Amino acid sequence: MSETKPTIWWVRRDLRLADNPALMAAIAAGGPVIPVFIRDALVEGLGAAPKWRLGLGLEAFARALEGMGSRLVLRSGEALQVLRALVAETGAGSVHWGRLYDPDAIARDTRVKAGLKDDGVKVASHAGHVLFEPWTVESKTGSFYRVYSPMWRAVKDREVGAPLATPGAVPAPEAWPGTEALEDWALGTAMERGAQVCMPYQRVGEAVAQARMGWFVDEAIQTYKEARNYPARDATSGMSENLTHGEISPRQCWCAGQRALHEGAKGAETWLKELVWREFAYHLTYHTPHIASENWRREWDGFPWSEDGDTAEVLAWKRGQTGVPFVDAAMREMYVTGKMHNRARMIVGSYLTKHLMTHWKVGKAWFEDCLTDWDPASNAMGWQWVAGSGPDAAPYFRIFNPETQLDRFDPDHAYPARWIAEGQEAPHQDALAFFEAVPRSWGLSQDDTYPAAPVVGLREGRTRALTAYEERKG
DNA sequence: TGAAATGTTGGGGCG
DNA sequence: ACGCCCCAACATTTC
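This section reports on the structure supplied with the text. (Residues numbered from 1 in each chain as written. Chains lettered and ligands numbered in written order. Predicted model: local features only at pLDDT ≥ 70, side-chain atom pairs only at ≥ 80, totals over all residues.)

This part is about the overall build of chain A. Along the backbone of chain A there are 22 helices and five strands. For 474 residues, the compact-globule formula gives about 23 Å, and the C-alpha radius of gyration of chain A, at 23 Å, lands near that figure. Taken along the three principal axes of its C-alpha coordinates, chain A extends 80 × 55 × 45 Å. Burial status across chain A gives 47% buried among its 474 residues. Here the contacts in chain A between residues at least 6 apart in sequence split such that 79% fall between residues at least 24 apart. (Helix = DSSP H or I, 4+ residues; strand = E, 2+ residues; numbered from the N terminus. Rg over C-alpha atoms; globule rule 2.2 N^0.38 Å. Buried ≥ 20, exposed ≤ 12 C-beta atoms within 10 Å, placed from the backbone. Contact = placed C-beta atoms within 7 Å.)

Structure follows, in structure tokens:
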């Protein structure tokens, strides 16, 4: 009787042990499991902050695996070649992974699957990164949803299975294949000075994510519906970075939210709706992959957006120097923490695409470089939503007024006070941290004078954007 | 999960 | 008591 062959578990955006169908399938194959993470072109192509944050996640996840008597094997190269080599080295009989849905990942995974099958290796991809597989949610006419509300109604009462337990053990092979060293990957290099500043704001790893969710559903979810709109409060779930790296699963969130709902928590439904917004974004990315790079509504292609990301105005936007306090506070929050409050994301997106008449691609690219919770699907949908070119998007003429929004959602102006140091007698330490994080080449100092007037005035910018919109229609 | 302009209503002050 | 005006509050329309 022959021993059962090893199984390779290709780890990607699922840095968790609990509720991980790919891992459980690999274990169920019966042999030793070899977890491997591959630094391929998709990893190399990540922006500075997401790449750095990935490194933190991998470090934590490798430790977690070691706690299970396992390891995380690190390899670099083209994914199919790496997996082929690993199969040859270990005699593995099968490869398992969790599915992804953005076009680059699908193209890669399709190649890998075909190549390994040609070799006679068993290959299986598994669900887990979304609640509902994109091909399982469709309207009565048999098409995917292009509008959020009907999609919400279609899925809100669907049965979602209970999350899978953490495995009791991850069976190790008798001999481990060689691994590269995470330090040698230098995933944080592009972050430069930002990494040290950004570090305390990260919530890294499965255990930390679970703790945060516990706090959220036990305490914060009660007031979530209202409080989530206030950028100066810690009132959101704050688990976006964990979801994007799979340190927590959407199913774990969904089930916790449902439990809170049945216990009468006021804000639970609002939170569940946010989880479905994430689904909506993923389904759109799957069914209409051009959403990531081109106007979803092609009739926007002729719109006179500037695509120059280096104009003085856009540089001011990127560097939190527009002279619009809500906008600048938000851009600095992102630079320091790697994240930004969701209302602030809408406002900086509106200011860039409307007042500065700049293409959403420019904003999306900057977010891709700065966000530790960078998610390809959510950002594609979000940017096209705010620009007006996307599915179920805000009409173009819905232009946010950052002053009105500030008075409504941050009446004490605590948010700019926290993030903007200039002109304050005793600046908040977060506001000072911004100047530690930014490249020296920006030439910024806390002793600078804050811009006396916006780079583009709120009234003029609004009028200019609406005029361009009217002319395009005519 | 918009803002601003325009329209409507009703209370109160006043002659 | 009545008409008139002002203005806040709210509703509707427009971009």
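So, about the pairing of strand β5 (residues 122–126). With five bridges connecting them, strand β4 (residues 94–98) and β5 associate as parallel partners. Its bridge partner being in β5, S94 is matched across the sheet by K122. After leaving β4, the chain enters helix α5 (residues 103–118) and then returns to the sheet as β5, a path that is right-handed. (Pairing = 2+ DSSP bridges. Right-handed = clockwise from strand over helix to strand, strands pointing away.)

Further remarks concern unusual backbone geometry. For residues other than glycine, phi is negative in most cases, and the peptide bonds are mostly trans. Its identity as a non-glycine residue notwithstanding, A186 has a phi of 50°, on the positive side. Relative to the helices and strands, A186 is located in the loop between α7 (182–185) and α8 (194–198). Here H413, not a glycine, exhibits a phi torsion of approximately 60°, which is positive.

Another point: the nonpolar core. In this structure, I8, L83 and A330 are the most contacted members of the largest nonpolar core, which totals 84 residues. In terms of residue count, the dominant contributor to this core is helix α3 (residues 48–67) (nine residues). Ignoring anything within four residues of it in the chain, the contact list for L83 reads I8, W10, V95, V112 and L116. In terms of nonpolar packing, the next biggest core, distinct from the first, is built from 44 residues, F216, L243, A256 and W383 among them. (Core = buried A, V, L, I, M, F, W, Y, C linked by C-beta atoms within 7 Å.)

With that settled, the discussion passes to the packing of helix α15 (residues 325–337) against helix α19 (residues 402–409). If you want to describe how two helices pack, look at the angle between their axes and the distance between the axes. At their nearest, the axes of α15 and α19 sit 8 Å apart, and the two run at 75° to each other. When the axes of α15 and α19 are compared, the pair comes out roughly perpendicular. Across the interface between the two elements, P325, F326 and V327 from α15 touch P402, Q405 and L406 from α19. (Axes fitted to C-alpha atoms, helices over the stretch in contact; angles between N-to-C directions. Parallel < 35°, antiparallel > 145°, perpendicular 65-115°, else oblique.)

What follows is about the sheet that holds strand β3 (residues 73–76). If you trace the five strands from one edge of the open sheet to the other, you get β3-β2-β1-β4-β5, paired in parallel fashion. Each end of this open sheet is capped by a strand with a single partner; those strands are β3 and β5. Neighbour-to-neighbour, the strand axes of the sheet open up by a mean angle of 25°, direction not taken into account. Where strand β2 (residues 33–39) lies against β3, four bridges are found, and the strand directions are parallel. Residue pairing in the sheet places I38 in a bridge with R75 of β3. Relative to the sheet, helix α1 (residues 21–28) contacts β1 (7–11), β2, β4 and β5, its axis offset from that of β4 by approximately 160°.

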